[in-house]
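For reference, the chains in residue letters:
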Protein chains: 2
Amino acid sequence: MINTLYLPELREMLAQDRKDEMVEFCTAVHPGVTAEFMEGLTASEAWHILQHAEPFRRCEIFGFFTQDKQLEILANEDRNEIAQLIEVMSPDDRVDILDEMDQEIVDELLSLLSHEERRNVLRLREYPDSSAGSVMTTDVAKLDEHLTVSQALAELGHQAEELETIYYLYVVDDKDHLRGVVSAKQLVRSIVTPDRTLEELMEEDVVKVDALEDQESVAQIVARYDLLAIPVVDRQNRMLGIITHDDVIDVVMEEAQEDVQRIGAVNPLEETYLKTPILTLGWKRGIWLIILFFAALLTAFALEHYEARIEQHVWLVMFIPLVISAGGNSGGQSSTLIISSMARDEIKLGDWLKVIRREIAMGLILGSLLGLLGLGAGLFLAPKPLYALIIPITILCVVICGTLSGSLLPLFFRRMGLDPALMSNPFVAGIVDILGIIIYMSVAGAFYNMYPMTAAATG
Amino acid sequence: MINTLYLPELREMLAQDRKDEMVEFCTAVHPGVTAEFMEGLTASEAWHILQHAEPFRRCEIFGFFTQDKQLEILANEDRNEIAQLIEVMSPDDRVDILDEMDQEIVDELLSLLSHEERRNVLRLREYPDSSAGSVMTTDVAKLDEHLTVSQALAELGHQAEELETIYYLYVVDDKDHLRGVVSAKQLVRSIVTPDRTLEELMEEDVVKVDALEDQESVAQIVARYDLLAIPVVDRQNRMLGIITHDDVIDVVMEEAQEDVQRIGAVNPLEETYLKTPILTLGWKRGIWLIILFFAALLTAFALEHYEARIEQHVWLVMFIPLVISAGGNSGGQSSTLIISSMARDEIKLGDWLKVIRREIAMGLILGSLLGLLGLGAGLFLAPKPLYALIIPITILCVVICGTLSGSLLPLFFRRMGLDPALMSNPFVAGIVDILGIIIYMSVAGAFYNMYPMTAAATG
């Protein structure tokens with residue numbers, strides 16, 4: 001929802017160049033709120049107002065614009081102003097946004113950056129997508145191990161302006177090796193002993209990650225230890241940067257979305273839904289649909305196998321969709337539960353026996369329940385009440401098949417080192433479809449063998 | 001995976017009562033790591049080792065134990081020691097764990113707490129589940145607006161021991177009304193001007209939430225503004241507590257899991273999968289399966305309606321599961337994409353027209369693709385090549401129905417103020433099942449009307 005309340009006033013300020021008011025507007029509230037007030041402005045109007053904020057504040061507000069507006073500003077406004085903005089941006093955000101821009105503009109902007117910042121950008125861009133290195137920021141409070149508490153506080157006061165977070169101070173030796181960590185809280189608590197050194201205060205066993213580690217496992221570590229930030233090191237334990245809590249929340253949200261997409265048999269999108277080109281989307285969906293199509297094709301051949309029986313007892317056809325959807329739905333529930341529990345580490349591979357026992361019990365309960373309903377429907381549609389029994393027996397067996405394959409498949413995928421979320425719901429449905437047909441026709445066959453129909457009762 | 005490396009040594013320390021080593025063990029590494037080293041110990045052994053940590057450290061390590069171990073300790077160890085632990089615990093964690101315990105033990109423990117802490121517990125327990133109040137902590141750095149920078153730093157040094165986080169200092173008036181916020185970073189940067197008051201430094205427009213606000217929207221606000229913590233206030237803007245970043249990550253993970261469960265047609269579980277009683281689980285799954293069963297039952301009546309046509313052309317039966325699974329899978333993909341995009345605010349209700357256009361295009365592309373494959377299968381199984389055309393035409397129409405209902409249903413749910421994740425995949429499958437049957441039989445009927453079969457070619 002665009003906030004239009006302030007738009008006329010903002011435009012008036014801009015037209016009349018009322019500087020003081022624009023400075024006030026840029027500083028009075030949280031930068032995220034300032035950005036929201038400007039949502040209705042054009043990119044160029046917004047950029048002109050931002051010229052009245054200090055560079056750091058400007059960058060903060062800019063960070064809350066939508067990506068489209070950011071890209072429009074970066075592409076169209078004065079290159080020198082933009083380069084200045086990019087210098088101030090935090091290293092991780094700046095790499096993210098540069099990745100979205102035309103290489104030509106990026107090259108031009110890079111040439112306007114200081115040597116040091118340019119090298120920083122180029123180095124960060126090298127890390128593979130979704131690695132710890134690709135989400136870390138290099139603006140980090142690194143302090144020498146020999147500083148005292150009061151020296152450290154003074155040094156922090158200096159550096160704070162440029163740092164994204166000062167809540168952990170990383171203690172390094174002269175070769176940048178990570179030696180320990182002191183939290184801002186510990187430092188503040190130590191004000192009473194201003195001459196102790198960081199070396200004495202620091203915790204040496206630092207929870208840290210390698211730059212090439214996958215971002216999902218980084219997020220899990222941060223969540224596990226309730227950290228505000230986690231340091232990223234190279235193979236030699238040299239401090240490269242940190243990943244901060246806000247990036248972790250983004251990663252958690254992103255990974256949750258990817259999991260949901262995989263469960264629904266879509267290859268995770270790199271862009272948002274609306275921005276993904278239609279053919280890319282078609283490919284990411286089509287590939288799985290084709291696989292599932294061939295799985296479903298097996299049901300056609302299974303049914304062909306039973307053609308004679310079907311021809312004789314056409315009423316059986318009516319329950320085909322019902323039988324396979326009962327199995328597919330209960331199987332989908334099982335796989336959803338198992339996958340989402342494994343994602344949160346609530347179920348481990350070692351629990352497989354417990355899981356199977358529960359799912360068999362579940363299949364019995366749910367199968368009996370649906371079977372009972374199926375019996376009612378069968379009595380209504382079957383040619384003779386006796387044959388109505390085929391339906392509940394089939395449903396019971398199919399639902400148990402569903403819960404079992406729905407729980408075993410994700411466990412199996414995990415065991416094989418694959419992602420358990422991988423298109424599992426439709427995959428389970430595919431397996432249950434074919435099993436459902438076979439079970440249904442076999443039960444029906446057994447019934448008609450035991451209790452052959454008199455010609456008069458042919459349905 | 002249980003870390004067994006240190007177990008023998010830990011047990012030896014305990015047996016020989018080597019105090020210094022146990023003190024060292026409790027303080028040397030991150031409390032989360034200490035807890036991991038103790039995973040293999042019994043609850044009672046772990047508790048005895050913890051007696052060698054300072055109360056605050058003990059509480060931190062305890063917080064990283066599994067919930068089962070925590071509950072075992074709380075229920076069995078010395079009540080006075082336990083009451084001391086609970087006094088130190090952060091108010092939100094302590095309420096969470098007390099909620100899991102027998103009321104009898106809780107009453108006994110509450111009677112051992114100080115008057116103030118007991119009132120705090122009882123008040124926090126009043127907040128409804130999943131409200132901001134239920135996840136907030138009341139240990140928060142509240143400072144008077146008239147304090148100077150140096151006074152504030154000294155005061156913080158005092159309070160820090162007891163506070164969960166000091167990264168935001170909330171400025172209140174003498175009636176506890178929230179007036180503004182100063183970040184620890186700003187305070188540290190202001191060391192150079194020690195006589196400025198907090199009132200001058202503070203940001204007055206504080207992003208805050210009401211105690212009764214839903215935890216999911218709290219998490220979204222925190223993520224939106226990249227906050228480390230958010231203050232919780234009552235209707236009169238009195239400061240009640242804060243919600244910290246680690247609780248936000250937990251909420252985000254919990255809500256993601258609930259969304260996945262809803263998409264898979266399971267009522268979200270309150271406990272983990274393995275801990276949910278089997279009958280509760282049966283109920284949370286069964287209720288939706290029954291609804292979906294009645295939806296599927298409609299397909300049976302639809303098929304009964306076409307019984308004469310099916311009897312005449314039994315080969316059509318073979319493609320029933322294939323046709324409906326093609327629709328169900330493509331519809332499931334659509335609803336999954338739309339739901340997960342809406343959850344991240346990437347799609348808004350106003351985008352409905354764009355979404356529909358994309359999904360029609362998607363349906364055309366995917367339907368043609370699967371239709372082509374279907375034509376191949378049809379040529380193989382149909383009695384005459386001409387009739388094989390029924391299959392691709394049906395698949396094309398069904399897939400378009402699938403993508404359309406898969407995208408419209410979540411949008412419609414959202415429009416009605418319902419949760420779009422609500423059992424949408426199986427629901428979409430249900431709709432597509434019945435439409436699929438009707439389309440299939442209508443297309444087949446039209447074909448056989450236009451090109452009646454010669455008796456010889458009857459399949």
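Residues numbered from 1 in each chain as written. Chains lettered and ligands numbered in written order. Predicted model: local features only at pLDDT ≥ 70, side-chain atom pairs only at ≥ 80, totals over all residues.

**Here's the deal with the overall build of chain A**
In terms of regular secondary structure, chain A is built from 23 helices and 6 strands. In terms of C-alpha radius of gyration, chain A reaches 31 Å, well past the compact-globule figure of 23 Å for 459 residues. In terms of overall dimensions, chain A has a C-alpha envelope of 100 × 60 × 35 Å along the principal axes. Counting across all 459 residues of chain A, residues that qualify as buried make up 47%. Contacts in chain A between residues at least 24 apart in sequence constitute 72% of all its contacts with a sequence separation of at least 6. (Helix = DSSP H or I, 4+ residues; strand = E, 2+ residues; numbered from the N terminus. Rg over C-alpha atoms; globule rule 2.2 N^0.38 Å. Buried ≥ 20, exposed ≤ 12 C-beta atoms within 10 Å, placed from the backbone. Contact = placed C-beta atoms within 7 Å.)

**So, the domain arrangement of chain A**
As far as domains go, chain A holds domain 1 (7-127), domain 2 (142-245) and domain 3 (278-457). Between the C-alpha centres of domain 1 of chain A and domain 3 of chain A the distance comes to 55 Å. (Domains from an automatic or database assignment.)

**Thoughts on the interface of chain A and chain B**
Many structure descriptions define interface size as the accessible area lost when the parts assemble. With 100 residues of chain A at the contact, the number on the chain B side is 100 residues. When residues of the side of chain A that touches chain B are assigned to their parent elements, the largest contribution, 15 residues, is made by helix H17 (residues 278-305) of chain A.

**Topic: the packing of helix H17 (residues 278-305) of chain B against helix H23 (residues 424-450) of chain B**
Residues and elements named next belong to chain B. Across the interface, H17 lies against H23 with an axial gap of 9 Å and an inter-helix angle of 5°. Judged by the inter-axis angle, H17 sits roughly parallel to H23. Taking contact as the criterion, the partners of Leu-292, Ala-295, Ala-296, Leu-298, Thr-299, Ala-302 and Leu-303 in H17 are, on H23, Pro-426, Gly-430, Asp-433, Ile-434, Ile-437 and Ile-438. In terms of residue class, the contact of H17 with H23 is built from 10 nonpolar, 2 polar and 1 charged. (Axes fitted to C-alpha atoms, helices over the stretch in contact; angles between N-to-C directions. Parallel < 35°, antiparallel > 145°, perpendicular 65-115°, else oblique. Nonpolar A, V, L, I, M, F, W, Y, C, P; charged D, E, K, R; others polar.)

**Examining the nonpolar core**
Tyr170(A), Ile243(A), Val252(A), Tyr170(B), Ile243(B), Val252(B) and Val398(B) are the most contacted members of the largest nonpolar core, which has 231 residues in total. Residue contacts for Ile243(A): discarding those within four places in its chain leaves Ala132(A), Val135(A), Met136(A), Val218(A), Ala229(A), Ile230(A), Val232(A) and Val248(A). The next biggest cluster of nonpolar side chains, apart from the first, holds 24 residues, and it includes Ala35(B), Leu50(B), Ala53(B) and Leu85(B). (Core = buried A, V, L, I, M, F, W, Y, C linked by C-beta atoms within 7 Å.)

**A short note on unusual backbone geometry**
Residues and elements named next belong to chain A. Positive phi is not limited to glycine here, since Asp-226 has a value of about 55°. Topologically, Asp-226 is positioned in the loop between helix H15 (215-225) and strand S5 (229-233). One non-glycine residue, Asn-237, adopts positive backbone phi at about 65°. Assignment of secondary structure puts Asn-237 in the loop between S5 and strand S6 (239-244). Classification of Asn-237 by C-beta neighbours within 10 Å gives partly exposed; the count is 16.

**A short note on the environment of Ile191(B)**
Position of Ile191(B) relative to the elements: it lies in the loop between helix H13 (184-189) and helix H14 (198-201). The exposure class assigned to Ile191(B) is partly exposed, which follows from the 17 C-beta atoms found within 10 Å. Distance in space between the C-alpha atoms of Ile191(B) and Val149(B) is 6.9 Å, their sequence separation being 42 residues. With residues up to four places along the chain from it excluded, the contact list for Ile191(B) reads Leu153(A), Gly157(A) and Val149(B).

**What about the confidence of the model for chain A?**
On average, chain A scores 86 in pLDDT, and the residues at 70 or more come to 96%. The ipTM for the predicted assembly is 0.74, set against a pTM of 0.74. (pLDDT = per-residue confidence, 0-100.)

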